[in-house]
Amino acid sequence: MGNGFLRILQVSDTHLFADRNKALLGVQPQKSFEGVLDLMRKESGKIDFIIHSGDLSQDYSEPAYIRIAEMLEEFKVPVYCVPGNHDDPKVMAAVYPHAAISNDRHIITKNWQIILLDSHKPGAVEGYLDHHQLNYLQHCLHTYPEHHAIALFHHQPVPVGSRWLDNLGLTNADEFWKIVYEFPRLKNVLFGHVHQEFEKVFNGIHCYSTPSTCFQFMRNQDRFGLENLPPGFRWINLHDDGRLETAVVRTDKYIGVFDEKATGY
Ligand SMILES: [Fe+2]
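S.K.: Any chance you could explain the sheet that holds strand E12 (residues 232–239) here in plain terms?
M.R.: Strands in a sheet are paired, the pairing made by backbone hydrogen bonds, and the direction either parallel or antiparallel. Taken together, the five strands give an open sheet; going across it, the order is E3-E2-E1-E12-E13, and neighbouring strands pair in mixed fashion. Edge positions in the sheet fall to strand E3 (79–81) and strand E13 (244–250), since each has one partner strand and no second. Mean inter-strand twist for the sheet, computed between neighbouring axes without regard to direction, equals 25°. This element, helix H1 (residues 29–41), spans strand E1 (5–11), E12 and E13 of the sheet and lies at about 35° to E12.

Okay, here's the thing in structure tokens:
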């Protein structure tokens with residue numbers, strides 16, 4: 001904001017319940033998210049917009065979707081989101097736009113475009129980009145061929161190194177990558193779902209995930225487990241010349257009781 005670049009905050013996997021006191025795996029998602037918001041407040045006045053990369057609600061309830069939109073309103077910037085596997089896109093479409101959160105799926109600025117896609121697959125944990133989503137991606141990239149581009153959706157399109165989690169990623173990633181390779185200005189892909197910080201250059205494309213605002217999955221494991229790492233968010237600076245800088249910021253400590261024996265959720 002006035003710094004010569006755009007600054008975005010990415011939050012992910014808030015998993016809020018209608019009941020703000022309800023806990024999941026030793027963590028109250030509401031309380032943990034509030035801890036991350038405290039950290040985000042240090043960014044106030046410097047942010048251009050916020051993007052939530054899915055799993056807004058654990059119980060896909062209207063009160064949870066309404067509350068998160070109202071909690072993010074204090075930043076006074078537009079907030080965009082995509083549905084995750086735990087979300088109900090129909091409920092989201094009925095609730096949004098509300099408070100800070102809009103329904104827009106295309107962020108376009110002077111030099112950049114961010115294309116938000118829906119990888120939610122009804123009744124499944126894994127993800128899928130149907131032909132509407134893939135056509136939309138292609139359409140945006142065709143329409144603004146000179147804009148530096150980012151694709152953002154919930155499920156990981158690349159393996160992150162954990163067998164159980166990589167079985168639950170984007171199942172038609174090949175179709176997605178085929179389109180990406182046709183458009184040289186699309187150099188960055190952002191996602192959530194994996195509840196961990198991850199960065200990898202995949203065939204020349206930079207792939208980034210963001211930690212959850214509640215519990216984190218143990219990295220590089222065959223089976224589900226939690227990792228004793230604090231929640232956080234990712235900041236992203238977009239420069240006019242196409243450069244992207246980014247890093248993850250975390251709270252001082254785990255917010256809740258770390259459940260080292262958790263076997264799933
Ligand atoms: Fe999640």
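Moving on from the coordinates now.
S.K.: How should the nonpolar core be read in this particular structure?
M.R.: Here is a general trend for soluble globular proteins: nonpolar side chains tend to be buried in one another's company. Ranked by internal contacts, the top residues of the largest apolar core, which has 53 residues, are Val79, Ile115, Leu117, Ala151 and Leu152. Ignoring sequence-local partners within four residues, the contact set of Leu152 consists of Ile51, Ser53, Val82, Ile114, Leu116, Leu190 and Phe191. Among the nonpolar cores identified, the runner-up in size contains ten residues, and Leu165, Phe198, Tyr254 and Ile255 belong to it.

S.K.: Mind showing me how you'd approach the sheet that holds strand E6 (residues 148–152) here?
M.R.: On the basis of which strands lie adjacent, the open sheet formed by six strands has the order E4-E5-E6-E7-E9-E8 and mixed pairing. Of all strands in the sheet, those with a lone pairing partner are strand E4 (106–108) and strand E8 (198–202), marking the two edges. The average undirected angle you get between the axes of adjacent strands in this sheet is 15°. The pairing of E4 with strand E5 (residues 112–116) spans three bridges and is antiparallel. Looking at the pairing, Ile108 lines up with Gln113 of E5. Sheet strands in contact with helix H4 (residues 131–143) are E4, E5, E6 and strand E7 (186–191), and its direction is about 170° off that of E5.

S.K.: So what exactly am I meant to see when it comes to H1 here?
M.R.: Think of an α-helix as 3.6 residues a turn; residues three or four steps apart then line up on the same face. Across its 13 residues, H1 extends 18 Å between first and last C-alpha, which sits within 8% of the 18 Å expected from 1.5 Å per residue. Turning to H1, its buried residues number three or more, namely Pro29, Gln30, Ser32, Phe33, Gly35, Val36 and Met40. In the core, the buried residues of H1 are packed alongside E1 and E12.

S.K.: Would you mind going over helix H6 (residues 173–180) with me for this structure?
M.R.: Buried residues of H6: Ala173, Phe176 and Val180, and no others. An end-on view of H6 places all buried positions within 60° of arc, on one side of the element. The exposed residues of H6 that point more than 90 degrees off its buried face are Asp174 and Lys178. Each element contacted by the buried residues of H6 is listed here: H4, E7 and strand E9 (205–209).

S.K.: Just checking my understanding: could you explain the packing of H4 against H6 for this structure?
M.R.: The axes of two packed helices give the description: the angle between them and the distance between them. For the pair H4 and H6, interaxial distance at closest approach is 10 Å and the crossing angle is 10°. Judged by the angle between their axes, H4 and H6 are roughly parallel. Relative to H6, H4 is oriented so that their crossing is right-handed. Taking contact as the criterion, the partners of Leu134, Leu137 and Gln138 in H4 are, on H6, Glu175, Phe176 and Ile179.

S.K.: Got a minute to help me understand unusual backbone geometry in this structure?
M.R.: The bulk of non-glycine residues show a negative phi, and the bulk of peptide bonds are trans. Along the chain, Tyr96 connects to Pro97 via a cis peptide bond; the corresponding omega equals 10°. The topology assignment puts Pro97 in the loop between helix H3 (89–95) and E4. Residues other than glycine seldom take positive phi values, yet Lys76 does so here, at roughly 55°.

Cut-offs used in this document
- Residues numbered from 1 in each chain as written.
- Predicted model: local features only at pLDDT ≥ 70, side-chain atom pairs only at ≥ 80, totals over all residues.
- Pairing = 2+ DSSP bridges.
- Helix = DSSP H or I, 4+ residues; strand = E, 2+ residues; numbered from the N terminus.
- Axes fitted to C-alpha atoms, helices over the stretch in contact; angles between N-to-C directions.
- Contact = placed C-beta atoms within 7 Å.
- Core = buried A, V, L, I, M, F, W, Y, C linked by C-beta atoms within 7 Å.
- Buried ≥ 20, exposed ≤ 12 C-beta atoms within 10 Å, placed from the backbone.
- Expected span 1.5 Å × (residues − 1).
- Arc of directions from axis to C-beta.
- Parallel < 35°, antiparallel > 145°, perpendicular 65-115°, else oblique.
- Left-handed = near helix turned anticlockwise from the far one by under 90°.

Without other data, these values stay purely geometric and don't point to any function.
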